[in-house]
Amino acid sequence: MKIKSVELRTINLPLVRPFRTSFGTQYDRSLLLLKVTTHEGSEGWADCVAMVDPLYSPEYMSGAQDVLERFLLPTIFHHGEIRAEDVAELLKPFLGHQMAKATIETAILDAQLKLEGVSFGSYLGSNKSKVDCGVSVGIAPTIDALVEEVSQYVTDGYRRIKLKIEPGWDIEPVRVIREMLPNMPLQVDANQAYSRTDTELLKGLDAFNLLLIEQPLDEHDVLGHALLAASVSTPICLDESITSLQSARDAIAMKATTVINIKPGRVGGYLESLRIHDLCVEENIPVWCGGMLETGVGRAANVALASLPGFTLPGDTSASSRFFKRDITNPFVMKDGQLSVPTGPGIGVEIDRDFIEELTTSSKVILAP
Ligand code: SMG
Ligand code: MG
């Protein structure tokens, strides 16, 4: 396949309600969209999951755009004929920037699979047509507001609830929700808000029969997670710390994680995600698909990934309506707590170009030389 041009477009989508985590509050989702056009006549799309600010991870939206324009795209153009399977190796000399790398690899994969008439799901090795949906619930202003929001998600049919926690918003909200929903699969996510000295406090979560505690400590403190895992009975699940197959292998060997949250953007793409999935299957580590407030473009590919056999826990693969009143693709609508895996070629969703136009805050087309 030969790339003709790449379009980089930033859009801004309002959220249906603010989303607060231990590192900040989001009111809208600004995101970089990448479209590749090939000489063979196919188009491929991808969301770049980097947030506007480097608070979840070191990457951020305009930094991702910069590294794509300055280094990643010129390298790909220079290479000439390209397949998605070659992208990671080609971009390896440029350190880090997994989210930016994942974006170009995913768009190329989409264009390639569209040409071949193959869906993301079949390419990756999906073994089901529907995936179970979980929902990630932000830190609420009050316990009452949390109860109201969670009740709505239960009514919607979500099969697993994840509560965002931080110091001062942990034991109490978890206790209240567990009392309200004694049988609901429930987990928490701290986004690195605790430290090694919080072990006693985190032990307090053992009373609530949680599926897991996600990323309680700093992303670089893998040993700290191993020490914590030895002290608490709730499984520890790494998110931010897992940035590659190598880091997944190391964290498993150190017993720092007994469950893994796979986010394609965080690990450099769907192909690396597949390798981590295969490793986890081999090591008996349950995996689930994380979320980065993706539009329908990223959600489509995530739902396909989540339909692989090793994804045995519900992911943060919620319906489009969880975050957006209107999506930029045909919306993902949950039925009986599940989303259908798209079956069309590539990511298998229709892009609403008029709506994207309305949401656009910047756009640029780069022609391959
Ligand atoms: O897309 O459903 C989603 C968001 C899920 O909580 C979610 N993501 O650490 O897992 C995580 C966070 C990262 C993004 S928070 C702005
Ligand atoms: Mg997380």
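Above this note sits the structure.
Residues numbered from 1 in each chain as written. Chains lettered and ligands numbered in written order. Predicted model: local features only at pLDDT ≥ 70, side-chain atom pairs only at ≥ 80, totals over all residues. Heavy atoms only, no water.

Visitor: So what's going on with the site of ligand 1? Which residues, and what values?
Guide: Taken together, 21 residues sit near ligand 1, with Gln26, Ser136, Lys162, Asn191 and Leu293 positioned nearest. Residue Met292 places a main-chain N or O atom 3.3 Å away from an oxygen atom belonging to ligand 1. Two domains each put at least three residues into the shell around ligand 1: domain 1 (3–117 + 352–367) and domain 2 (121–340). (Near = heavy atom within 4 Å. Polar contact = N/O pair within 3.5 Å; in protein donor to acceptor, adjacent residues only side chain to side chain. Domains from an automatic or database assignment.)

Visitor: Can you tell me about the packing of aromatic side chains, naming the residues and giving the values?
Guide: Summed over the entire model, instances satisfying the criterion amount to six aromatic pairs. Pairing Phe323 with Phe324 gives two aromatic rings, centres 6.2 Å apart and planes at 50°, and the pair type is tilted. The residues Phe323 and Phe324 share a single accessibility class, namely buried. One aromatic cluster in this structure is built from Phe19, Phe323 and Phe324. (Phe/Tyr/Trp six-rings, centres within 6.5 Å; stacked < 30°, edge-to-face > 60°. Buried < 20%, exposed > 50% of the residue type's maximum accessible area, 1.4 Å probe, protein only.)

Visitor: Mind laying out the packing of helix H1 (residues 61–79) against helix H2 (residues 84–91), listing which residues take part and the relevant values?
Guide: At their nearest, the axes of H1 and H2 sit 11 Å apart, and the two run at 120° to each other. In this view, H1 runs oblique relative to H2, as classed from their interaxial angle. Of the two possible hands of crossing, H1 and H2 adopt the one that is right-handed. Contacts between H1 and H2 pair Leu72, Thr75, Ile76 and His79 from the former with Val87, Leu90 and Leu91 from the latter. Across the contact of H1 with H2, the residue classes break down as five nonpolar, two polar and no charged. (Axes fitted to C-alpha atoms, helices over the stretch in contact; angles between N-to-C directions. Helix = DSSP H or I, 4+ residues; strand = E, 2+ residues; numbered from the N terminus. Parallel < 35°, antiparallel > 145°, perpendicular 65-115°, else oblique. Left-handed = near helix turned anticlockwise from the far one by under 90°. Contact = heavy atoms within 4.5 Å. Nonpolar A, V, L, I, M, F, W, Y, C, P; charged D, E, K, R; others polar.)

Visitor: Give me the sheet that holds strand S11 (residues 287–289): which residues, what numbers.
Guide: By definition, the strands of a sheet pair up through backbone hydrogen bonds, in either a parallel or an antiparallel sense. Strand order in the open sheet made by the seven strands is S5-S6-S7-S8-S9-S10-S11, with parallel pairing throughout. Lying at the two open borders of the sheet, with one neighbouring strand each, are strand S5 (134–137) and S11. Where strand S9 (residues 236–238) and strand S10 (residues 259–262) come together, two bridges link them in parallel fashion. The residue bridging Cys237 from the neighbouring strand is Val259, located in S10. (Pairing = 2+ DSSP bridges.)

Visitor: Explain the coordination of the magnesium ion (ligand 2) residue by residue, including any values.
Guide: In this structure, Asp189 (OD), Glu214 (OE) and Asp239 (OD) serve as the protein donors to the magnesium ion (ligand 2), at separations of 2.0 to 2.3 Å. Spacing between the donor residues of the magnesium ion (ligand 2) along the chain follows D-x24-E-x24-D. A residue pair is termed long-range when its members are at least 10 positions apart, and Asp189 in strand S7 (residues 186–189) and Asp239 in the loop between S9 and helix H9 (245–253) qualify at 50 residues. (Donors = N, O, S within 2.8 Å, 3.2 Å for Na, K, Ca; no water.)

Visitor: Lay out the pairing of strand S6 (residues 160–164) with the relevant residues and their values.
Guide: With five of five residues buried, S6 lies mostly within the body of the structure. Crossover handedness for the path S5 to helix H5 (residues 143–156) to S6: right-handed. With four bridges joining them, S6 and S7 adopt parallel strand pairing. Bridge pairing links Lys162 to Gln187 in S7. (Right-handed = clockwise from strand over helix to strand, strands pointing away.)

Visitor: Describe the pattern of salt bridges, and please don't skip the residues or the numbers.
Guide: In this structure the tally under the stated criterion is 26 salt bridges. Lys162 is the salt-bridge partner of Asp189, the closest N and O atoms lying 3.2 Å from each other. Taken together, the residues Asp189 in strand S7 and Lys162 in strand S6 connect sequence positions 27 residues apart. In this structure, Asp189 and Lys162 share a single accessibility class: buried. Asp239 serves as the salt-bridge partner of Lys263, at 2.7 Å between the closest nitrogen and oxygen. Residue Lys263 is located in the loop between S10 and helix H10 (264–267), and its partner Asp239 is located in the loop between S9 and H9; the two are separated by 24 residues in the primary sequence. A relative accessible area of 0% means that Asp239 is categorised as buried. Look at the salt bridges and you will find they share partners, linking Arg160, Lys162, Lys164, Asp189, Glu214 and Asp316 into a network. (Salt bridge = Lys/Arg side-chain N within 4 Å of Asp/Glu carboxyl O.)

The values reported here are purely geometric and, on their own, carry no functional implication.
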